Amino acid sequence: MALKDAKAGTRNEAGIAAVLGILKQSFGERFQTGQSFREQHAHTTTYIPPQLPDGVLFAESAEDVKAAVNACATHKVPVIGFGVGTSLEGQVNAANGGISIDFSRMNRVIEVNPEDLDCTVEPGVTREALNIYLRDTGLFFPIDPGANASIGGMASTRASGTNAVRYGTMKDNVLAVTAVTANGEEIRTARRARKSSAGYDLTRLFVGAEGTLGILTSVTLRLQAIPQKIAGGACAFPSIKAACDAVIMTIQMGIPVARIELLDTVQMRACNAYSKLSYAESPTLFLEFHGTDETVPLQSAAFAEIAAECGGGEFLWTANAEERTKLWKARHDAYWAARALAPGLAALSTDVCVPISRLADCVSETQADIEEHGLLGPIVGHAGDGNFHVLLLFDDKSTEGVAVAEAFVQRLNRRALEMDGTCTGEHGVGQGKMAFLEQELGGAVDLMRQVKQALDPDGIFNPGKIFHHG
């Protein structure tokens, strides 16, 4: 990460002024230019400085989005989609100024097809609201990035989370999108069929594009049946290597674990203090199994044998919903628990992902790095995917503090790339990881630029994200 990549671009002052007038006339009170509205639609979740849009449109339909994009395209003004603002790498910053389109009012479930296990929603629907809506159908949407993110934002950043080891990421669970492109037209990338060989896979081109190729107006999702039985458990290990060995064996043996989360010793100590718990303060795996009354106990027992073989303690598991919620409290409160370790410091949440066979090496070397440089950074991992997060606590008011944080992130990403991993497993690139994307993919980034140029020749869609365009 480097602040130099969060630089402001060239502003089209005349074009911005024209668009502000057009949108105010067209949308009245649904278009706001006040300072507080603009501040709420800039990036504030890491140390990357906020870059405010010039106006915010509260869109209520695809027609609203088309009108806004047409105005912006005509006057070559940037347009940035905004869900609920939970992205972590500066994705919603208005680097060149422009218009933020807020999707909070486009929050309708358009249709649910229970027989086909799919649904179509507007981009402003949040994952929690969707699952409440689906509850009576016996279905649920499994992707859980932690925050109550919007579906449009999750698709745009190719989000995943704790359930990804079983259910995959957003790229595996989005069947189709509709999007408004640079010519102001709305396109549909696919039908609802579970598979297709018809042309380019445009759906996955838009999923993960971080709003740089167009603005999503609907998302068609794959759904899952709510499991008959869910069990959760936790198990402490003497070392990171022992815990990761248990993860590798679990995955290689094909045990269908739904979640398998790793918390290091520092994080467990923080969780105990914050949530008034009494877990062992050593590397700990939290697991969840989804299945039937017959299969879940078998899966839990199989993992208990693996844990014992790897030197782990007793695997305590339960299918009681209340007990399971209490058991998972440490994981769910991990962010706030880590923040409480140093309330006066800023928090930088950064992630990498490596092949699971290298997870122990990468986490152990990262812990040694943190200790060597006198840093404070609890680690939480989606261990079944080889993905882990460091919440680095640092002084963002100090030039030296920011430099130390940036140097750590550089070392972390270099370490992951040397292990044939990626600079981000689920946070996305945004402004914060541009340099690492170039290191990771080299000439392939030039091909991305060509795609961007073809679909967005004037660079109006979320400029200054993923890579610098033009």
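Residues numbered from 1 in each chain as written. Predicted model: local features only at pLDDT ≥ 70, side-chain atom pairs only at ≥ 80, totals over all residues. Heavy atoms only, no water.

**Brief notes about empty space enclosed by the protein**
Taken as a whole, this structure holds two cavities of 30 Å³ or more when the rule is applied. For the largest cavity, the calculated volume is near 50 Å³. Lining the largest cavity, in full, are Thr-212, Lys-452, Asn-462, Pro-463, Gly-464, Lys-465, Phe-467 and His-469. Looking at the lining of the largest cavity residue by residue, the class counts come to two nonpolar, four polar and two charged. For the second largest cavity, the calculated volume is near 30 Å³. As for the second largest cavity, its lining consists of Ser-156, Phe-206, Ala-209, Gly-211, Leu-213, Gly-214 and Leu-216. For the lining of the second largest cavity, the per-class residue count stands at four nonpolar, three polar and no charged. (1 Å grid on protein atoms, 1.4 Å probe; cavity = no way out; pocket = protein on both sides within 12 Å on 5 of 7 lines; lining within 4 Å. Points joined across faces, edges and corners; volume = space filled by probe spheres on them. Nonpolar A, V, L, I, M, F, W, Y, C, P; charged D, E, K, R; others polar.)

**A short note on the side chain of Asp-456**
Among the structural elements, Asp-456 can be located in the segment after α18 (444–455). Here Phe-461 takes part through its backbone nitrogen, which lies 3.0 Å from a polar atom of the side chain of Asp-456. Apart from residues lying up to four places away in sequence, Asp-456 is in contact with Ala-182, Thr-212, Phe-461 and His-469. (Helix = DSSP H or I, 4+ residues; strand = E, 2+ residues; numbered from the N terminus. Polar contact = N/O pair within 3.5 Å; in protein donor to acceptor, adjacent residues only side chain to side chain. Contact = heavy atoms within 4.5 Å.)

**Regarding the side chain of Asn-413**
By the secondary structure assignment, Asn-413 is in helix α16 (residues 399–418). When neighbours within four sequence positions are excluded, Asn-413 is seen to be in contact with Val-352, Cys-423, Lys-433 and Phe-436.

**Points about the pattern of salt bridges**
The full count for this structure, using the stated rule, is 29 salt bridges. Among the salt bridges present, the one from Arg-204 reaches Asp-201, with a minimum N-O distance of 3.2 Å. Where Arg-358 meets Asp-361, a salt bridge forms, and the shortest distance between an N and an O atom there is 3.0 Å. Judged by relative accessible area, Arg-358 falls into the partly exposed class, the value being 30%. Look at Asp-361 and you get partly exposed, because its relative accessible area is 34%. Within the structure, one salt-bridge network assembled from shared partners comprises Arg-127, Glu-128, Asp-144, Arg-259, Glu-288 and Arg-324. (Salt bridge = Lys/Arg side-chain N within 4 Å of Asp/Glu carboxyl O. Buried < 20%, exposed > 50% of the residue type's maximum accessible area, 1.4 Å probe, protein only.)

**Examining the layout of surface pockets**
Over the atoms, a rolling probe the size of a water molecule traces out where space has been left empty. In this structure, the second largest pocket occupies an estimated 770 Å³ of space. Lining the second largest pocket we find 39 residues, and of these Arg-158, Val-207, Gly-208, Ala-209 and Met-448 sit closest to its centre. If one sorts the elements of the lining of the second largest pocket by residue count, α18 sits on top with five residues.

**Considering the environment of Ala-8**
With respect to the helices, strands and loops of the structure, Ala-8 is situated in the segment before α1 (13–27). Judged by relative accessible area, which is 59%, Ala-8 ranks as exposed. Once the C-alpha coordinates of Ala-8 and Gly-401 are considered, the two residues, 393 residues apart in sequence, prove to be 22 Å apart.

**Details of the pairing of strand β14 (residues 284–291)**
Among the eight residues that make up β14, eight are buried, leaving the element largely enclosed by the rest of the structure. Burial of the side chains of β14 extends over both faces: Thr-284, Phe-286, Glu-288 and His-290 are buried on one face and Leu-285, Leu-287, Phe-289 and Gly-291 on the other. In the sheet, strand β12 (residues 229–236) pairs with β14 via eight bridges, with the strands oriented antiparallel. Each residue of the ladder has a partner; that of Lys-229, found in β14, is Gly-291. Relative to β14, strand β13 (residues 257–263) runs antiparallel, the two being bridged by six bridges. Residue pairing in the sheet places Leu-263 in a bridge with Thr-284 of β14. (Pairing = 2+ DSSP bridges.)

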